[in-house]
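# Report on the structure
Spelled out, the chains give:
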Amino acid sequence: MLRSIVLATLGLTCFGPWARAEHAKIHLDVTGPGNTKQTAFVDQTPPESGKNPRPVLKAKVGDPIRIEWVMTNVYPHKTLENVVVHFFIARQDKVGQKDLPDLSGDVVLETAFDMDFKPGSKAGQRNTVRIDTPGVYLIRVESKQTQSDHEHFSAVDLVIEGNKGKP
């Protein structure tokens, strides 16, 4: 009996973190000048800033920044209905900022759509942007309304240096 209790406790301790059902896998690539690239993988809320540090990419004013992301429903047998997929690039105060930026402020690009995610289905987007104002920007793609106790996202901090027209 004691052995069964110990094994059950060990099982909960070892496998507890994986028992929480994950519903999305998100892959975000951000490529800057000279093919410098940062990749972010799925993180989760709460907290809003996630649990993992964000990768940082540096570029100069006016450099082309290529962004590609793919979100996948990893539930093997469940359709996620009316999920909102939200993507944005917004100015923030500093690298690694914990609070999400105010999306009514300095937003470079924002898209959102809702869809039913069948098992294994994917959604994605490719963009190339040029940012003309130096500063720190958050690039983030996130799930919303998944009827779960948590949401998933991937994010990269982008640091734009220099002045327009000057090296």
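Residues numbered from 1 in each chain as written. Predicted model: local features only at pLDDT ≥ 70, side-chain atom pairs only at ≥ 80, totals over all residues. Heavy atoms only, no water.

### Regarding unusual backbone geometry
The cut-off we apply is this: Per-residue accessibility, obtained with a 1.4 Å probe over protein chains only, is compared with the maximum for each type, and a residue is labelled buried under 20%, exposed over 50%, and partly exposed between these values. Secondary structure elements are defined from DSSP: runs of H or I of at least 4 residues count as helices, runs of E of at least 2 residues count as strands, and each element is numbered from the N terminus.
The omega torsion of the bond from Thr 45 to Pro 46 falls at -10°, within 30 degrees of zero and hence cis. One non-glycine residue, Asn 35, lies in the positive phi region at around 60°. What makes Asn 35 exposed here is its relative accessible area of 57%. Although it is not a glycine, Gln 145 adopts a positive phi angle of roughly 60°. With respect to the helices, strands and loops of the structure, Gln 145 is situated in the loop between β9 (135–144) and β10 (151–161). Here Gln 145 falls in the partly exposed class, since its relative accessible area comes to 48%.

### Observations concerning the sheet that holds strand β2 (residues 37–40)
Our working rule: Strand pairing requires that DSSP identify at least two bridges connecting the strands. Axis definition: a line fitted to C-alpha atoms, over the contacting stretch in the case of helices. Angles run 0 to 180 degrees between N-to-C directions.
With antiparallel pairing, the four strands of this open sheet are ordered in space as β2-β1-β5-β8. Each edge of the open sheet carries a strand with a single partner, namely β2 and β8 (122–130). Going from strand to strand, the sheet's axes swing by 10° on average, the running direction of each strand aside. Pairing between strand β1 (residues 24–31) and strand β5 (residues 64–73): eight bridges, direction antiparallel. Its bridge partner lying in β5, Ile 26 is registered against Met 71.

### So, the nonpolar core
The condition that has to hold: The definition of a nonpolar core used throughout is a set of buried Ala, Val, Leu, Ile, Met, Phe, Trp, Tyr and Cys residues joined through side-chain atoms within 4.5 Å. For this analysis, residues touch if any pair of their heavy atoms sits within 4.5 Å.
Within the largest apolar cluster, 28 residues are counted, with the highest numbers of intra-cluster contacts made by Ile 67 and Leu 158. Counting residues per element, the ones that place at least two in this core are β1, β4 (56–60), β5, β6 (80–92), β8, β9 and β10. Broken down by element, the residue count for this core peaks at five residues, all from β6. The contacts of Ile 67, once residues within four sequence positions are left out, are Leu 28, Asp 29, Val 30, Phe 87, Ile 89, Gln 125, Arg 126, Asn 127, Val 129 and Ile 139. In terms of nonpolar packing, the next biggest core, distinct from the first, is built from five residues, Phe 88, Ala 90, Phe 153 and Ala 155 among them.

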